[in-house]
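# Secondary and tertiary structure notes
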Amino acid sequence: MGVVHTLHFVFGIFGNATALFLFLAPIITFKRIIQKRSTEQFSGLPYVMTLLNCLLSAWYGLPFVSPNNLLVSTINGTGAAIESIYVLIFIAFAPKKEKKKISALLLLVLAVFAAVALVSMLALHGNNRKLFCGIAATIFSIIMYGSPLSIIRLVIKTKSVEFMPFFLSLFVFLCGASWFAFGLLGKDPFVAIPNGFGFGLGTVQLILYAIYCDKKGLFTKKSTPDDSLEIGMRKVMASQSLSKFRT
């Protein structure tokens, strides 16, 4: 049991590190927004919905909801803080119409989280509380990890990985693998299932990268690394329309 607990902790730490990279990746996008003082054609929806995912996952990981998942709570708490900054920056520089839309969506997201938290605390106890919060967190985690399907379709269609940055795909793979192992070792399906899904999609992305990395594809306009990462992140985070822990 000592070895299992040690591995559980190690995979949790590694999962925190890889998830942090994913949360910080949009910094390139927001650097551009601040410099141009405009959100241009970027969507604020992925960041608001990722915020909801982080809040729900962080709540699920708290000891009084789900024991032995504190590492899930810490990284998603950090992610919630980072996403909150992104959303506030977006609102500050968005056009008036978009500003109102994202602000209203932010209030809705906070209301949904508050409802889940209140119901779980006031009406549910023990396993019922864990089940309720786990299902809510799992749904949004799967949606988050499922968003790279749009990238996969684009890569296959164009035979180009121009808009699927390698390191982003790598960290999606590593993040999913780490938290999948963490969930299995902790016998927690609400962590293992969505991250197993993410691990599988990350694997597919890396395989496609290996197949098409030397092909130019159908695009004639050459993109800079920053452009590719920005577009990649927008697509990777787009059902985060939720819009993608971790978990």
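None of these values were measured; they are calculated from a predicted model.

What counts, and at which threshold
- Residues numbered from 1 in each chain as written.
- Predicted model: local features only at pLDDT ≥ 70, side-chain atom pairs only at ≥ 80, totals over all residues.
- Heavy atoms only, no water.
- UniProt positions renumbered as here; feature names shortened; annotations may be inferred.
- Helix = DSSP H or I, 4+ residues; strand = E, 2+ residues; numbered from the N terminus.
- Phe/Tyr/Trp six-rings, centres within 6.5 Å; stacked < 30°, edge-to-face > 60°.
- Buried < 20%, exposed > 50% of the residue type's maximum accessible area, 1.4 Å probe, protein only.
- Expected span 1.5 Å × (residues − 1).
- Salt bridge = Lys/Arg side-chain N within 4 Å of Asp/Glu carboxyl O.
- Core = buried A, V, L, I, M, F, W, Y, C linked by side-chain atoms within 4.5 Å.
- Axes fitted to C-alpha atoms, helices over the stretch in contact; angles between N-to-C directions.
- Parallel < 35°, antiparallel > 145°, perpendicular 65-115°, else oblique.
- Contact = heavy atoms within 4.5 Å.

### Points about the UniProt feature "transmembrane region" (unreviewed entry) in the chain
UniProt's entry tags residues 6-30, 42-62, 74-93, 105-125, 131-156, 163-185 and 191-212 with the feature "transmembrane region" (unreviewed entry), counted in the numbering of this structure. Within residues 74-93, the helical portion is 100% and the strand portion 0%, while the C-alpha atoms at the span's ends are 29 Å from each other. In residues 191-212, the share of helix is 100% and the share of strand is 0%. The end C-alpha atoms are 32 Å apart.

### Observations concerning the environment of Pro 67
Locating Pro 67 in the fold gives a position in the loop between α3 (45-61) and α4 (70-93). Along the sequence, Pro 67 and Gly 186 sit 119 residues apart, while their C-alpha atoms lie 9.8 Å from each other.

### Considerations on the packing of aromatic side chains
Overall, the coordinates contain 10 aromatic pairs when judged by the stated rule. Judged by centre distance (4.1 Å) and plane angle (25°), the ring pair of Phe 21 and Phe 171 falls under stacked. Taken together, the positions of Phe 21 in helix α1 (residues 2-24) and Phe 171 in helix α8 (residues 166-185) put the pair 150 residues apart, joining distant regions of the chain. Seen in terms of ring centroids, Phe 173 and Phe 199 are 5.3 Å apart; in terms of plane orientation they differ by 35°. Their pairing is tilted. Note that Phe 173 is positioned in helix α8 and Phe 199 in helix α9 (residues 189-212), a separation of 26 residues in sequence. Overall, Phe 199 belongs to the partly exposed group, its relative accessible area being 29%.

### Concerning α8
With 20 residues, α8 extends 28 Å between its outermost C-alpha atoms, agreeing within 8% with the 28 Å of an ideal straight helix rising 1.5 Å per residue. Every buried residue of α8 is listed here: Leu 168, Ser 169, Val 172, Cys 175, Gly 176, Ser 178, Trp 179, Ala 181, Phe 182 and Gly 183. Downstream of α8 by a residue or two, Lys 187 has a phi angle that is positive, lying close to 55°.

### Remarks on the pattern of salt bridges
Per the stated rule, a full pass over the model turns up three salt bridges. Between Arg 32 and Glu 40 there is a salt bridge, and its shortest N-O distance comes to 2.7 Å. The exposure class of Arg 32 is partly exposed, given its relative accessible area of 24%. On the basis of relative accessibility, which here comes to 29%, the residue Glu 40 falls in the partly exposed class. For Lys 36, the salt bridge identified is with Glu 40, shortest N-O distance 3.5 Å. A cluster of three or more residues bridged by salt bridges with shared partners is formed by Arg 32, Lys 36 and Glu 40.

### Some words on the nonpolar core
The biggest cluster of nonpolar side chains holds 48 residues, and the ones touching the most others in it are Leu 56 and Trp 179. When residues of this core are traced back to their parent elements, those giving at least two are α1, α2 (27-36), α3, α4, α5 (96-122), α6 (126-146), α8 and α9. The element contributing the most residues to this core is α4, with 11 residues. Among the nonpolar cores identified, the runner-up in size contains seven residues, and Val 155, Val 161, Met 164 and Leu 201 belong to it.

### Regarding the packing of α1 against α4
Axis separation between α1 and α4 bottoms out at 9 Å; the angle between their running directions is 10°. Put simply, α1 runs roughly parallel to α4. Along the contact surface, α1 presents Phe 9, Gly 12, Ile 13, Asn 16, Ala 19, Leu 20, Phe 23 and Leu 24, while α4 presents Leu 71, Thr 74, Ile 75, Asn 76, Thr 78, Gly 79, Ile 82, Glu 83 and Tyr 86.

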